[in-house]
Amino acid sequence: MAAHWESFVTAEPDLARTVEERFRAFTHHVLVTLRKDGSPRTSGLEVDFRRGELWLGMMWDSLKARDLRRDPRFALQANPGEGTGMGGGDVRISGRAIEVADGPQKSAYTEEVEPPQPFHLFRTELTEVVRTYVEDDKYLVAQVWKPGDPARTIKRT
C-alpha cells in the first residue's frame, strides 16, 4: 500500500508538518536508489512539496533518474544539519517514485519552478515515514507511519 503526500498530511498532520519542516530546513538531502545489480546508490537531491505531492526533480539522464525508471523504489533522508544536534530529529521517507512524463502535471510544475531543461520529474508514493529523535536526553523515540495505519511511537532508553 502507498499514499501521496497529501494523504499522509491528512492522516498525520503533526508528524507531516515536522517532516516537511526538516526537509525545508536545508536544500540538499540524500536519495537512495537501486542500481541494476540491486546495490544501493546514494545521491544528493533537492525535494519539493507542492500541490499535495512530494516531488523529486533531477537532471536529464542522471544515474538516479535511470535507477528510478528501472526500479521506482527509493529512500530519502533529510539533511541532519550541522553538528550533532539534529534539530527536529532524523527524518526518512521510503516509497516509489513515479515519473511524470510531458503533460499537464509536468507543464504546471515547470511553469511554477522553472527548472533547468530538460529534466526528469517524479511524484512520490509513500510506503513509510520515520522520524527518530531524542527526548529528555534519555529516550530514543521513533515515530513510524505506514499508509492505512496510524503512526506508532516507540520509546527506548
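Everything numeric here is computed off the predicted structure, so don't read it as measured data. (Residues numbered from 1 in each chain as written. Predicted model: local features only at pLDDT ≥ 70, side-chain atom pairs only at ≥ 80, totals over all residues. Heavy atoms only, no water.)

*Asks:* In this structure, what is going on with the nonpolar core? I would like to understand it.
*Replies:* A general trend in soluble globular proteins is that nonpolar side chains are found buried together. Trp5, Phe8, Val19, Phe23, Leu56, Leu76 and Ile93 are the most contacted members of the largest nonpolar core, which totals 26 residues. Those elements that provide at least two residues to this core are helix H1 (5–11), helix H2 (13–24), strand E3 (47–50), strand E4 (53–59), helix H3 (63–70), strand E5 (73–77), strand E6 (90–99) and strand E7 (119–135). Core analysis: the next-biggest nonpolar cluster, separate from the first, contains five residues, Trp55, Val100, Tyr109 and Leu121 among them. (Core = buried A, V, L, I, M, F, W, Y, C linked by side-chain atoms within 4.5 Å. Buried < 20%, exposed > 50% of the residue type's maximum accessible area, 1.4 Å probe, protein only. Helix = DSSP H or I, 4+ residues; strand = E, 2+ residues; numbered from the N terminus.)

*Asks:* When you look at the pattern of salt bridges in this model, what are you seeing that I'm missing?
*Replies:* Opposite charge on two side chains allows them to pair when their charged atoms are near. Enumeration over the complete set of coordinates arrives at 16 salt bridges. The residue Arg51 makes a salt bridge to Glu112 at a minimum N-O spacing of 2.9 Å. Of this pair, Arg51 sits in the loop between E3 and E4 while Glu112 sits in helix H4 (residues 104–113), and the two are 61 residues apart along the sequence. Measuring nitrogen to oxygen at the nearest pair gives 3.6 Å for the salt bridge that ties Glu125 to Arg96. (Salt bridge = Lys/Arg side-chain N within 4 Å of Asp/Glu carboxyl O.)

*Asks:* So what exactly am I meant to see when it comes to H2 here?
*Replies:* Side chains three or four residues apart in an α-helix point the same way, a direct result of the helix having 3.6 residues per turn. Between the first and last C-alpha of H2 there are 16 Å, a value that for twelve residues agrees with the 16 Å anticipated at 1.5 Å per step. Within H2, burial applies to Leu15, Ala16, Thr18, Val19, Glu20, Arg22 and Phe23. (Expected span 1.5 Å × (residues − 1).)

*Asks:* Just to check I follow, could you spell out the pairing of E7 for this structure?
*Replies:* Two faces belong to every sheet, and in a regular strand the side chains alternate between them. In terms of burial, E7 is a largely internal element, 13 of the 17 residues being buried. With ten bridges joining them, E6 and E7 adopt antiparallel strand pairing. Bridge pairing in E7 links Ser94 to Glu128. Strand direction decides the pairing type here: E7 and strand E8 (residues 139–145), joined by seven bridges, are antiparallel. Within E8, the residue paired with Arg131 across the bridge is Gln143. Between E7 and E8, which follow one another and run antiparallel, lie three residues, and Asp136 among them has a positive phi close to 55 degrees. (Pairing = 2+ DSSP bridges.)

*Asks:* Sorry if this is basic, but what is going on with the packing of aromatic side chains here?
*Replies:* Two aromatic rings are characterised by how far apart their centres lie and by the angle between their planes. Enumeration over the complete set of coordinates arrives at six aromatic pairs. Consider the rings of Trp5 and Phe8, whose centres lie 5.1 Å apart with planes at 70 degrees: the pair is edge-to-face. Separated by three residues within a single helix, Trp5 and Phe8 lie in helix H1, roughly one turn from each other. The exposure class of Trp5 is buried, given its relative accessible area of 2%. (Phe/Tyr/Trp six-rings, centres within 6.5 Å; stacked < 30°, edge-to-face > 60°.)

*Asks:* Could you clarify how one ought to interpret the pairing of E4 in this entry?
*Replies:* Counting buried positions along E4 gives five out of seven residues, so the element sits mostly inside the fold. For E3 and E4, the ladder comprises four bridges, and the chain directions are antiparallel. Its bridge partner being in E4, Val47 is matched across the sheet by Leu56. Pairing between E4 and E7: five bridges, direction antiparallel. In the strand pairing of E7, Met59 is matched with Phe119.

Honestly, it's all geometry; don't read function into it.
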